[in-house]
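# Summary of the model geometry
As a plain string of letters, each chain reads:
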Amino acid sequence: MTGSRLTEFEEMIVSNNHLDFAVGYPRLTSISMQWERYKGIIATTEGLPSRQHQLGALRSSVHSLFNERISDVAITYSGSVALERALSALIPTDRSTLLVDPGFDIIDSFVRRVTPFPPCYLYLDPFTSHEETVKRLIKKIDRTIGAVVLVSPNNPSGLTLSQAELDQVGEACAAVDAVLIIDHCFILIDPDDCHPGIAFDLSEKCRWAAIWDSSKTIELLGERFGIVSGSFSELTAIRQVLAEIQLELPMSSLVVMARAIDDLRSGAYLSELKKFIKSNYVQLSKVCSSVDVKINCPDAGSFALVAIDKQRFGTSEEAARWLLSKKNVGVLPASLFYMSPNSAQSDFIRISLARPPEIFSVMCEAIIALACALWPVALP
């Protein structure tokens, strides 16, 4: 796998014992709870189902999680592998791949590994309206584009396509015979009930593939898994490249994964998570308003972007490092999300909202302190 500057920054935050508002992905249960479950499963030597049966049980759990909307799915040991394999199988080498900027830098590196044809970047200001953003995206899909790679809900902005908008993107791709590849890692996290469009419903509208990664919601003892689905020819091509990695998950892992998905589907965890993400966003918005700092309006996901005015302070990286050194909180600067060196960048820090409210209040206090120390003109 190609390395990621974003991941390196996150690791630096964790290794220095800072309060982590950089990643802060929500988790279903603690590692200790999963460990107890894992020990109970591997201690059982009788009555374990066959591998084929357990794979079927895991597929059935995922199928139910998405309300019966997935007809066929391949399973890998991580969402990153699912995405990399999907890209390697489907990205054309004779036309550009359209990527949204800002975005996740590892997607850019995966695309560049597949084809020498340089990606085409569509800069989308995360502080502009949802409607304008979608309009510009669809307009950009022309005959120079052979593949469109989207993350919905988007990382970092939280932009989320509705089903109607996703259908329009699919139709635009079909019109130029481009394949649509959707990363749905945050799809279950929609605190504002935005009813996100799901690529598994695209059917025959275009050539498509879609992935979901368990790691954004479930802690599995360091393990994680991804699912990938797609239109018939595309899923067949992805399965062929998945076969190259010779992967067989241990039986105990398959059992733990299926049970964790069942917990996620049937428990109150997701609804509670959405409540405190929304509450944290409301609190942060009030804080930003009080110090005259702009905040974006994410449709879904678990992040908010706080704008950094370079004339009032400097760069987002300087702001992020000040928060680390002075307030012991870790956030990510905008520079880690821009893939094209020529983007007309907006500057911001990305803050995870997926933290308990009593911890998130520390982040709000840190933003006020940042404004007092570095943006004094913002205060009354």
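Throughout what follows, the structure given in this document is the object of discussion. In every chain, residue numbers begin from 1 and rise along the written sequence. The predicted origin of the model limits local features to residues at a pLDDT of at least 70 and limits the giving and counting of side-chain atom pairs to 80 or more, whereas totals for whole chains, interfaces and linings rest on all residues. Calculated side-chain values reflect all of the structure's heavy atoms, with hydrogen atoms and water omitted.

## Here we look at unusual backbone geometry
Here the bond from Asp 101 into Pro 102 is cis, since omega is 10°, no more than 30 degrees from zero. In this description a helix means any DSSP run of H or I spanning at least four residues, a strand means any run of E spanning at least two, and both kinds are numbered starting from the N terminus. Counting through the fold element by element, Pro 102 comes out in the loop between β3 (96-101) and α5 (105-114). For the peptide bond that leads from Ser 152 to Pro 153, omega is 0°, which places it in the cis range. Non-glycine residue Glu 68 carries a positive phi angle of around 65°. For Glu 68, the position within the fold is in the loop between α3 (51-65) and β2 (74-76).

## Remarks on the environment of Leu 58
For Leu 58, the position within the fold is in helix α3. Per-residue accessibility, obtained with a 1.4 Å probe over protein chains only, is compared with the maximum for each type, and a residue is labelled buried under 20%, exposed over 50%, and partly exposed between these values. Here Leu 58 falls in the buried class, since its relative accessible area comes to 0%. Residues Leu 58 and Ile 261, 203 residues apart in the sequence, show an inter-C-alpha distance of 8.0 Å. Whether two residues are in contact is decided by their heavy atoms: any pair within 4.5 Å suffices. Apart from the residues within four sequence positions on either side, Leu 58 is in contact with Ile 75, Phe 225, Leu 254, Met 257 and Ala 258.

## Structural notes on the nonpolar core
Throughout this description, the term nonpolar core refers to a set of buried Ala, Val, Leu, Ile, Met, Phe, Trp, Tyr and Cys residues connected via side-chain atoms within 4.5 Å. By size, the foremost hydrophobic cluster in this structure holds 127 residues, and its most contacted members are Phe 66, Leu 180, Ile 227, Leu 284, Ile 351 and Met 363. If we skip the residues at most four places from it in the chain, Phe 66 touches Ile 187, Leu 188, Ile 198, Phe 200, Trp 212 and Ile 227.

## Comments concerning the sheet that holds strand β7 (residues 208-213)
What links the strands of a sheet is backbone hydrogen bonding, and the strands pair in either a parallel or an antiparallel sense. We call two strands paired when DSSP finds no fewer than two bridges between them. Spatial ordering of the open sheet is given by β2-β8-β7-β6-β5-β3-β4, a layout of seven strands whose pairing is mixed. Of all the strands in the sheet, just β2 and β4 (120-123) have a single pairing partner and so form its edges. Taking the axes of each pair of neighbouring strands and ignoring which way they run, one obtains an average angle of 20° across the sheet. Along the sheet, α5 contacts β3, β4 and β5 (145-151); its crossing angle with β3, the most-contacted strand, is approximately 170°. Most of the contacts of helix α6 (residues 130-140) go to β4, to which it runs at about 160°, and overall it touches β3, β4 and β5. Every axis in this analysis is a line fitted to C-alpha atoms, fitted for helices over the stretch in contact. Angles between the N-to-C directions lie between 0 and 180 degrees.

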